[in-house]
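What follows is the residue order along each chain.
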Amino acid sequence: MAVLHVAEEELALVAAIRELAQERVKPRAAAIDHSGQYPWDMKELLAQQDILAMPFPIEYGGIGASEQAIVAAIEELSRCCATTGLILAVQQLGAMPILLAGNAAQKRQYLPKLASGEWLSAYGLTESSSGSDAAAMQTMAVRKGDVYILNGSKRFITNGGLAQVNSIMAITDRAKGTRGISAFIVERDYPGFSVGRIEGKMGIKGSQTAELIFTDCVVPAENLLGHEGDGFKIAMMTLDRTRPGIGAQALGIAQGALDLAVEYAKQRVQFNKPIAENQGIQFMLADMATKIEAARLLVYNAAELIDRGEKHFSHYSSMAKMYASDIAMEVTNDAIQILGGYGYITEYPAERMLRDAKITQIYEGTNQIQRLVIARALLTGL
Ligand code: COS
């Protein structure tokens, strides 16, 4: 199995998370999917076990885990329940702008409560008419004395409405293009903040996806992250560091589907022998396992580059997210095929895994955008 280049304690932590996921998370996955309700019990479990503390520095109440340990944790959780894996991934996503660009006061104010899991976070870049073209956003922030007044909305926001802490990108100077976008910490309780539509989704059903609406929303000026105009770069730098986490979610889903297919193939008897004895099934399983391993190497590698503080690693994050999510679709589809009729019915988890896998090709940048990032790096010689 792909090697994590982390200390013994982190290997032990990942092993403990694997066990916890199998024992406590896996039995909840089907019910979470059926109910479509946010799994507060799973959030509590991750908080109690300090799993939500992993992305945060020790000085701000976290446990300062390496990115490699974080992706391995997301993988193990998602192997059992993609919605639960996403709880950790999004806590990191929403907090990343603060981790990257927050000043000491902002970090002191927000990070400890995110590390403990008392508060959830969310990341607000996308709008109804600006997804891949993130710079085409319309939400405006206008400075008035010691506050900014925000007007506009964000769409498809994971944890939207549940998160107390929202990292929101908004235009402060339209004429400056991407250099006129700024990042703000917006609390759910601020006047003028409201939650619009809550989306019904194909998969990751327990995760809440909502629209955030800002109507003359009053945000203290000290909640600006970095300087005016830094927002687009902060948003991009955030995604560079969190896309491997989505790769890890996809990887976990694929591994869960392979686990299921192997188990089923050994037990399912047709023509007087387990179907696993057929070379046709064996070749499918071998291909699934090999794709998963290749994806794991890409995800772990991107995480290691982050841990090492490499500068030009965006395209490796994109490769990890793109490849892992593409193979997650293939592997979950093959798992359904191996399970046959049982793969197609909701009593078995295979169809849920395919539905959950699909979003990983879309969010945190569609795989078309990942290819664009990779090609740009190639063509500019990075
Ligand atoms: N790190 C730091 N800075 C970056 C960066 C990165 N990864 N990517 C771009 N920038 C900077 C550029 O260097 C440029 O800076 P200057 O003004 O100093 O030249 C600025 O940001 C604008 O970059 P660019 O011209 O490349 O912007 P584009 O509008 O062409 O957009 C893509 C670039 C397509 C990569 C961007 O819009 C994107 O990632 N879109 C997908 C958004 C996404 O993932 N949404 C999901 C949200 S979470 S569900």
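Cut-offs used in this document
- Residues numbered from 1 in each chain as written.
- Predicted model: local features only at pLDDT ≥ 70, side-chain atom pairs only at ≥ 80, totals over all residues.
- Heavy atoms only, no water.
- Near = heavy atom within 4 Å.
- Areas by Shrake-Rupley, 256 points an atom, 1.4 Å probe, with all protein chains shown as cover.
- Helix = DSSP H or I, 4+ residues; strand = E, 2+ residues; numbered from the N terminus.
- Nonpolar A, V, L, I, M, F, W, Y, C, P; charged D, E, K, R; others polar.
- Domains from an automatic or database assignment.
- Contact = heavy atoms within 4.5 Å.
- Buried area = accessible area lost by both parts, 1.4 Å probe.
- Salt bridge = Lys/Arg side-chain N within 4 Å of Asp/Glu carboxyl O.
- Phe/Tyr/Trp six-rings, centres within 6.5 Å; stacked < 30°, edge-to-face > 60°.
- Buried < 20%, exposed > 50% of the residue type's maximum accessible area, 1.4 Å probe, protein only.

### A short note on the site of the ligand
Phase 1 of the analysis: Lining the immediate environment of the ligand, one finds 20 residues, of which Arg-179, Lys-233, Asp-240, Arg-243 and Arg-376 sit closest.
Phase 2 of the analysis: Burial of the ligand by the surrounding chains reaches 71%, relative to a free accessible area of 1000 Å².
Phase 3 of the analysis: Elements that contribute at least two residues to the shell around the ligand include exactly helix H7 (231–267) and helix H12 (367–379).
Phase 4 of the analysis: Grouping the amino acids of the shell around the ligand by side-chain chemistry returns eight nonpolar, six polar and six charged.
Phase 5 of the analysis: When residues of the shell around the ligand are assigned to domains, at least three map to each of domain 2 (121–231) and domain 3 (234–380).

### Regarding the domain arrangement of the chain
Phase 1 of the analysis: On domain assignment, one finds that the chain holds domain 1 (8–116), domain 2 (121–231) and domain 3 (234–380).
Phase 2 of the analysis: A separation of 30 Å is found between the C-alpha centroids of domain 2 and domain 3.
Phase 3 of the analysis: Taken together, the contacts link 12 residues of domain 2 with 13 residues of domain 3.
Phase 4 of the analysis: Of the roughly 1000 Å² buried between domain 2 and domain 3 on both sides combined, carbon and sulfur atoms contribute 70%.
Phase 5 of the analysis: Three residues stand out in domain 2 for area buried against domain 3, namely Tyr-123, Met-202 and Ile-204, and they jointly supply 51% of the buried area on that side.
Phase 6 of the analysis: Remark: the boundary between domain 2 and domain 3 carries zero salt bridges.
Phase 7 of the analysis: When grouped by side-chain class, the residues that make up the side of domain 2 that touches domain 3 number seven nonpolar, three polar and two charged.

### Here we look at the packing of aromatic side chains
Phase 1 of the analysis: Inspection of the entire model under this criterion finds six aromatic pairs.
Phase 2 of the analysis: With a centroid separation of 6.1 Å and 40 degrees between ring planes, the pair formed by Tyr-110 and Trp-119 is classed as tilted. Judged on exposure class, the residue Tyr-110 and its partner Trp-119 are both buried.
Phase 3 of the analysis: Residues Tyr-264 and Tyr-342 carry aromatic rings whose centres are separated by 6.3 Å and whose planes lie at 50 degrees to one another, so their mutual orientation is tilted. With Tyr-264 in helix H7 and Tyr-342 in helix H10 (residues 341–344), this residue pair connects regions lying 78 residues apart in the sequence.
Phase 4 of the analysis: On the basis of relative accessibility, which here comes to 34%, the residue Tyr-342 falls in the partly exposed class.
Phase 5 of the analysis: Through a chain of ring-to-ring contacts, the aromatic side chains of Tyr-264, Tyr-342 and Tyr-348 assemble into a single cluster.

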